[in-house]
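A structural walkthrough
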Amino acid sequence: MNRKFERIQRDSSYIQFHKIYHQFIKSKELEKNGRLKIGLLSSFSLIGFEECLNVWCNKYGFNCEIYIGPYGQYNQQIYNNQSKLYKFDPDAVFLLLDVEHLFKEFFKRPYTHSAEERQSKVRELVDDVSNMLLYLAERSESKIIMNNLEVPVYSPLGLLENKENYGLIKIVKEFNTQLEDTFRESNRIYVFDYDLFTSKYGKDNCTDPRMKYLADMRVPKEIVPKLCYNYLSYLLPMLGLNRKCIVLDLDNTLWGGIIGEDEFENIALGPDPLGSVFVDFQKKLLALYDKGILLAINSNNNLEDALKVIKEHPYMVLKEEHFAGFKVNWKSKVLNIKEIADDLNIGLDSMVFIDDDPVNREMMRKFYPEVLTMGLPSDPSQYSKTLENLIEFNTLQLTEADKRRGKMYVEQRYRREFESSVTNMQEFLKGLEMEIEIEPANRFNIPRIGQLTQRTNQFNLTTKRYQEEDITKFSKSDEYEVYSLRLKDKFGEYGLIGVLILKRETDITWTIDTFLLSCRAMGKNVEKAFFTYIVNMLEKKGISKLRGIYLPTNKNIPVKNLYKELGFTKIEESPSRTVWLLDCKNYDESIAGYIKIIE
Amino acid sequence: MIKLNKGLKKIVSEVLQIPVPQISSETSQDNTESWTSVVNLLLISEIEERFNVEFDIDELIKIKKLGDIEVLLAKRGVSL
């Protein structure tokens, strides 16, 4: 967060953006770390967008370059491969179309057309727009964000509007629904719910007829900063600037009152007016946990007092099992948060700190400006709203693994506790009661397989990065076999944490194209059990020789000797790669040990 | 009275990014580079907001220089 832009808040007026833009950005006092290229295309004039987007990006610590397509020419910019848009090579493209422009005659005189005609018009328009977006997606690397259409609030039929099948309002809603359906699975093309956005600020405030007729300006200037703030929520995750963990105080944050001073029965948490404020706030936090945001406690209290409330209070929504980190002590909150970050192996820059005490907040801001310290209003009934307004929890993709993340980190805390209770590693690994499950790539696990090839650095023999589409292609080809590995133990599921991709060389010799394991599954001998299964399976198919390749990077030194440990023989060595060979019948199965394999 | 006039000049200065002493009733789109047709709209709606007035579209299209806006404001009972 850049201090120069402190004055800029979610509700700042346009003129403040305008001033800051001319004061800092035009004068080239720019942030150097990171730069995004943003393209904006529209059927109307985009006035004020350049200033507002620029200021928002700089406030969040990165710089941007903006290209606004010529007035009304979004079509040409997309369908002409030589257009300035493609030369600009954007990282993100926002497309804003207005309903009058798109529906034309059908908007002006909807009821001179039959209901069937109106219905098929919607399909036709959705197809046109979708094809255009797909064309753009194919010709650029950028993320594409399309505003949906603002649903009109007026119909010439008045109160009889919804007595008519596929009436004016319905066709616009239907367009929006079908557009969303078309791109539900896409992680390149996103539909921004502009209609919902205008409802939030009031549709009357989102049009200014004079500006429309004078300049074809459809988004009034006071709305532009707010819209750009919403656009920012797509940009933050592109740069990894989204937040992953919420660190919470207890007293007067999760409940009302101070547990060290008030009686257990007297804290505010429950069905009364003040109590339900805190119950609701906890529910909001739990819903974020359910989508994969980690929760942690950072409180100055007696541990027993705090645990008593968390374990025994009948209206406590968040339980011990929801907290990935738990620091209740009399140490400084600044020290505590650092320890939580280290335990969870995440950066302070992915944390949000919530504390009702302004002194604690100021201290956190001073020591760790990279932590997002949430400005909490003094009225607790505003807590939930304040949390809802944060855009930093947005991601551009949500896999099943992401949704389970909160739970997995908590299980990891239990494992840490178990590990410190046993005397040696062998006892620890046995005590985990691990089970693995191996399955070929299928349409459910392909997104995660792709994601793992992108993200895994340490236990990754070849560090080949693949897109979902590549994995799909391999899984359909006779030349490749793709296997995934799931792991669970007595504390819970790790999810899909391993991938092995084989490539056919000859009938009897295959090469290991990719062999990787997520870092949280390392050090448990899981790879050996995985590999044993693969060798057995290959032998059944008559494949007797396996070639393994190690391509060194700065990060994958831990697996330098993996193939040796698995019984391979080195057949080639150079600084850029090591090649190994295994005769499957010489493979020693006993190295898999105590891990149960589920077929 | 002078104060409000200063208020108008302040807005113009903020939006057009020119120093207050350079601003007069004769400041116009023709002699001010930063007063583009795009900025014109922003300037007008900013003035409307600060003085709590609203101009009609036929008045807006006739605005050529700051003096025109002063006349419109006077018409709305804003004393400059």
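Residues numbered from 1 in each chain as written. Chains lettered and ligands numbered in written order. Predicted model: local features only at pLDDT ≥ 70, side-chain atom pairs only at ≥ 80, totals over all residues. Heavy atoms only, no water.

**Digging into the overall build of chain A**
Looking only at helices and strands, one finds 23 helices and 19 strands in chain A. The buried share of chain A, taken over its 599 residues, is 53%. Counting contacts in chain A only where the partners sit at least 6 residues apart, residues at least 24 apart contribute 72% of the total. In the form shown here, chain A has an accessible surface area of approximately 27400 Å², with 49% of it arising from carbon and sulfur atoms. The centroid of the 83 positive side-chain charges in chain A is displaced by 4 Å from the centroid of its 88 negative side-chain charges. (Helix = DSSP H or I, 4+ residues; strand = E, 2+ residues; numbered from the N terminus. Buried < 20%, exposed > 50% of the residue type's maximum accessible area, 1.4 Å probe, protein only. Contact = heavy atoms within 4.5 Å. Areas by Shrake-Rupley, 256 points an atom, 1.4 Å probe, with all protein chains shown as cover. Lys, Arg positive; Asp, Glu negative; His and termini not counted. Charge placed at Lys NZ, Arg CZ, Asp CG, Glu CD.)

**A look at a nonpolar patch on the surface**
A contiguous nonpolar patch, built from A:Tyr213, B:Ile57 and B:Ile61 and spanning about 330 Å² of accessible area, is present on the exposed surface. By secondary structure assignment, the location of B:Ile61 is in the loop between helix H3 (57-60) and helix H4 (66-75). (Patch = residues over 30% accessible without salt bridge, like charges linked within 9 Å, V, L, I, M, F, W, Y side chains within 5 Å. Salt bridge = Lys/Arg side-chain N within 4 Å of Asp/Glu carboxyl O.)

**Concerning unusual backbone geometry**
Residues other than glycine seldom take positive phi values, yet A:Asn345 does so here, at roughly 60 degrees. Take A:Asn345: it is sitting in the loop between helix H14 (333-344) and strand E9 (351-354).

**Remarks on the interface of chain A and chain B**
Counting residues at the interface gives 15 residues for chain A and 16 residues for chain B. In this assembly, chain A packs against chain B so that about 1500 Å² is buried in total across both faces, 70% of it on carbon and sulfur atoms. Summed over the shared surface of chain A and chain B, the number is four salt bridges. Taking the shortest distance from any N to any O, the salt bridge between A:Lys19 and B:Glu14 comes out at 3.2 Å. At the surface where chain A touches chain B, the tally comes to seven residue pairs in polar contact (both at pLDDT 80 or more). (Buried area = accessible area lost by both parts, 1.4 Å probe. Polar contact = N/O pair within 3.5 Å; in protein donor to acceptor, adjacent residues only side chain to side chain.)

**Some points on the sheet that holds strand E7 (residues 294-300) of chain A**
Residues and elements named next belong to chain A. Read from one edge to the other, the open sheet built from five strands follows the order E8-E7-E6-E9-E10, with strand pairing classed as parallel. A strand with exactly one partner marks an edge of an open sheet, and here the two such strands are strand E8 (323-329) and strand E10 (372-373). As paired strands, strand E6 (residues 245-248) and E7 are joined by four bridges and run parallel to one another. Within the sheet, the bridge partner assigned to Cys245 lies in E7 and is Leu294. Its contacts with the sheet put helix H12 (residues 273-290) on E6, E7 and E9, and the angle it makes with E6 is roughly 150 degrees. (Pairing = 2+ DSSP bridges. Axes fitted to C-alpha atoms, helices over the stretch in contact; angles between N-to-C directions.)

**Section: the side chain of A:Ser384**
Residue position: A:Ser384 is located in helix H16 (residues 383-388). When its relative accessible area of 12% is taken as the criterion, A:Ser384 is described as buried.

**Digging into the pattern of salt bridges**
According to the stated counting rule, one finds 47 salt bridges over all chains in the structure shown. Across the salt bridge formed by A:Asp216 and A:Arg218, the nearest N and O atoms sit 2.7 Å from each other. One connected set of salt bridges, linked through shared partners, spans A:Lys19, A:Lys221, A:Glu222, B:Lys10, B:Glu14, B:Glu46, B:Glu49 and B:Arg50.

**Regarding the sheet that holds strand E2 (residues 63-68) of chain A**
Residue and element names in this part refer to chain A. Spatial strand order, E2-E1-E3-E4-E5: five strands in an open sheet with parallel pairing. Strand pairing shows two members of the sheet lacking a second neighbour, E2 and strand E5 (189-192), which therefore form its edges. Strand-to-strand twist of the sheet, defined as the mean angle between neighbouring strand axes without regard to direction, takes the value 20 degrees. Where strand E1 (residues 35-42) and strand E3 (residues 92-96) come together, five bridges link them in parallel fashion. Across the sheet, Leu40 pairs through a bridge with Phe94, a residue of E3. Here helix H2 (residues 49-59) sits on the sheet in contact with E1, E2 and E3, set at roughly 160 degrees to E2.

**Points about the confidence of the model for chain A**
Parts of the prediction with low pLDDT should not have their coordinates interpreted in detail. Looking at chain A as a whole, its pLDDT mean stands at 92, while 97% of the residues score no less than 70. Mean pLDDT across the elements of chain A bottoms out in helix H17 (residues 400-403) of chain A (75) and peaks in E3(A) (98). (pLDDT = per-residue confidence, 0-100.)

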